[in-house]
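As a plain string of letters, each chain reads:
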Amino acid sequence: MKKPIKDQLAHSLGRRDEAPNIALAEQIADVEDKIAIKELVALTEHMRMAIKYDAIKVLYEVGERKPELIQRHCDDFLQLLKHRDNRIQWGAMTALSVISASRPELLAEHIVEVVDAMDSGSVITRDHGIYILSNLAEIKKHHANCIELLLEQIEKSPVNQVPMYAEKTAAVISRLYVDRLIGILQSREDVLVIQSKKKRLDKLIKRLGF
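Residues numbered from 1 in each chain as written. Predicted model: local features only at pLDDT ≥ 70, side-chain atom pairs only at ≥ 80, totals over all residues. Heavy atoms only, no water.

Trainee: Describe the overall build of the protein, listing the residues and the values that go with them.
Mentor: On a plain count of helices and strands, the protein comes out with 12 helices and zero strands. Overall, the protein shows an N-to-C arrangement of helices and strands of α-α-α-α-α-α-α-α-α-α-α-α. Along the first, second and third principal axes, the C-alpha atoms of the protein reach 65 × 35 × 30 Å. Counting the 210 residues in the protein, one finds 53% classified as buried. For the protein, restricting intrachain contacts to residue pairs at least 6 apart in sequence, the fraction spanning at least 24 positions comes to 66%. With the model as given, the accessible surface of the protein reaches about 10,800 Å², and the carbon-plus-sulfur share is 51%. For the protein, the centre of its 32 positive side-chain charges and the centre of its 31 negative side-chain charges are spaced 3 Å apart. (Helix = DSSP H or I, 4+ residues; strand = E, 2+ residues; numbered from the N terminus. Buried < 20%, exposed > 50% of the residue type's maximum accessible area, 1.4 Å probe, protein only. Contact = heavy atoms within 4.5 Å. Areas by Shrake-Rupley, 256 points an atom, 1.4 Å probe, with all protein chains shown as cover. Lys, Arg positive; Asp, Glu negative; His and termini not counted. Charge placed at Lys NZ, Arg CZ, Asp CG, Glu CD.)

Have a look at this one:
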């Protein structure tokens, strides 16, 4: 008899590492077990936080391997963005960023929710929000809005995140916004005083044609 999904999670096995969760994700992806995905989504509402953490971990690990298996649960992940627990929130944003890589249009009507979560969440939440916005920026009708939002994030992001955010934005930016991006980068004196980051930004600016 097949062991219940909950019993295969790290917490249920008395483990403190993620190896059982990753192994479970690989197994689910290999056999494209949609029933297991539904069970995991339900477990994100479990009363025990450890079970919730394991469930969301397995879900986004499955998504990294076969995003189509979690795409139909996009609305569930959007709801979890509002969760009071930070780890659940960034786990949901991670799942959504995986979905956006192959089906960005599924998030096109939820940009406000994504940005709200970025502004109130952790660095991990914000990082994955950047991935979502950059993927959405490749859709013509959402390009202008998403580039504006990406530029705003670069203006206010923590020092350590600026180079990566700038690189993600530069990868999808249209010529109309290049001057704005460069101007923002040159105004981030708190970043430019750090030699390693300055070198990275100088290289990016050069690549943009300046």
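Trainee: Describe the pattern of salt bridges, and please don't skip the residues or the numbers.
Mentor: Considering all chains together, one arrives at 13 salt bridges under this definition. We note a salt bridge from Glu148 to Arg180, for which the minimum N-O separation is 2.9 Å. You can see Glu148 sitting in helix H8 (residues 140-156) and its partner Arg180 sitting in helix H10 (residues 178-187), a full 32 residues away along the chain. The exposure class assigned to Glu148 is partly exposed, which follows from its relative accessible area of 29%. The partly exposed category is assigned to Arg180, whose relative accessible area is 39%. For Glu167, the salt bridge goes to Arg200, with nearest N and O atoms at 2.7 Å. Of this pair, Glu167 sits in helix H9 (residues 162-170) while Arg200 sits in helix H12 (residues 195-207), placing them 33 residues apart in sequence. The partly exposed category is assigned to Glu167, whose relative accessible area is 26%. (Salt bridge = Lys/Arg side-chain N within 4 Å of Asp/Glu carboxyl O.)

Trainee: Lay out unusual backbone geometry in plain terms, naming residues and giving numbers.
Mentor: What you tend to see is this: most non-glycine residues have negative phi, and most peptide bonds are trans. Residues other than glycine seldom take positive phi values, yet Glu32 does so here, at roughly 50 degrees. Turning to its location among the elements, Glu32 is positioned in the loop between helix H1 (19-31) and helix H2 (34-43). By relative accessible area, which is 41% here, Glu32 ends up partly exposed.

Trainee: Pulling in residues and values, what's your account of helix H5 (residues 86-102)?
Mentor: Over its 17 residues, H5 runs 25 Å from end to end, which matches the ideal 24 Å to within 8%, given 1.5 Å per residue. Within H5, 13 of the 17 residues are buried, which leaves the element mostly enclosed by the surrounding structure. One side-chain oxygen of the residue at the start of H5 lies 3.0 Å from the amide nitrogen of Arg87, identifying that residue as Asp85. (Expected span 1.5 Å × (residues − 1). Polar contact = N/O pair within 3.5 Å; in protein donor to acceptor, adjacent residues only side chain to side chain.)

Trainee: Help me get a handle on the packing of aromatic side chains, residues and values and all.
Mentor: All chains considered together, the criterion is met by zero aromatic pairs. A cation over a ring is seen here: Arg87 above Tyr53, with NZ or CZ 4.2 Å from the ring centre. (Phe/Tyr/Trp six-rings, centres within 6.5 Å; stacked < 30°, edge-to-face > 60°. Lys NZ or Arg CZ within 6 Å of the ring centre and 35° of its normal.)

Trainee: So, the packing of helix H7 (residues 123-136) against H9: which residues are in play, and what are the values?
Mentor: Where H7 contacts H9, the two axes come as close as 9 Å, and the packing angle between them is 15 degrees. As far as their axial angle goes, H9 and H7 are roughly parallel. In this structure, the crossing between H7 and H9 has a hand that is right-handed. When H7 is examined against H9, the residues Val123, Arg126, Asp127, Ile130, Tyr131 and Ser134 are found in contact with a partner set consisting of Met164, Tyr165 and Lys168. Classifying every residue of the contact of H7 with H9 by side-chain character gives five nonpolar, one polar and three charged. (Axes fitted to C-alpha atoms, helices over the stretch in contact; angles between N-to-C directions. Parallel < 35°, antiparallel > 145°, perpendicular 65-115°, else oblique. Left-handed = near helix turned anticlockwise from the far one by under 90°. Nonpolar A, V, L, I, M, F, W, Y, C, P; charged D, E, K, R; others polar.)

Trainee: I'd love a proper account of the environment of Leu24, names of residues and values included.
Mentor: Mapped onto the secondary structure, Leu24 falls in helix H1. Note: C-alpha distance between Leu24 and Leu59 (35 residues apart in sequence) is 9.7 Å.

Trainee: Can you break down the side chain of Asp33 residue by residue, with the values?
Mentor: If you trace the backbone, Asp33 turns up in the loop between H1 and H2. For Asp33, a relative accessible area of 16% translates into the label buried. In contact with Asp33, not counting residues within four places along its chain, are Lys2 and Ile28.

Trainee: Any chance you could break down the side chain of Asn135 for me, citing the residues and the numbers?
Mentor: Position of Asn135 relative to the elements: it lies in helix H7. Beyond its immediate stretch of four places on either side in the chain, Asn135 contacts Ser97, Ser100, Ala101 and Pro104.

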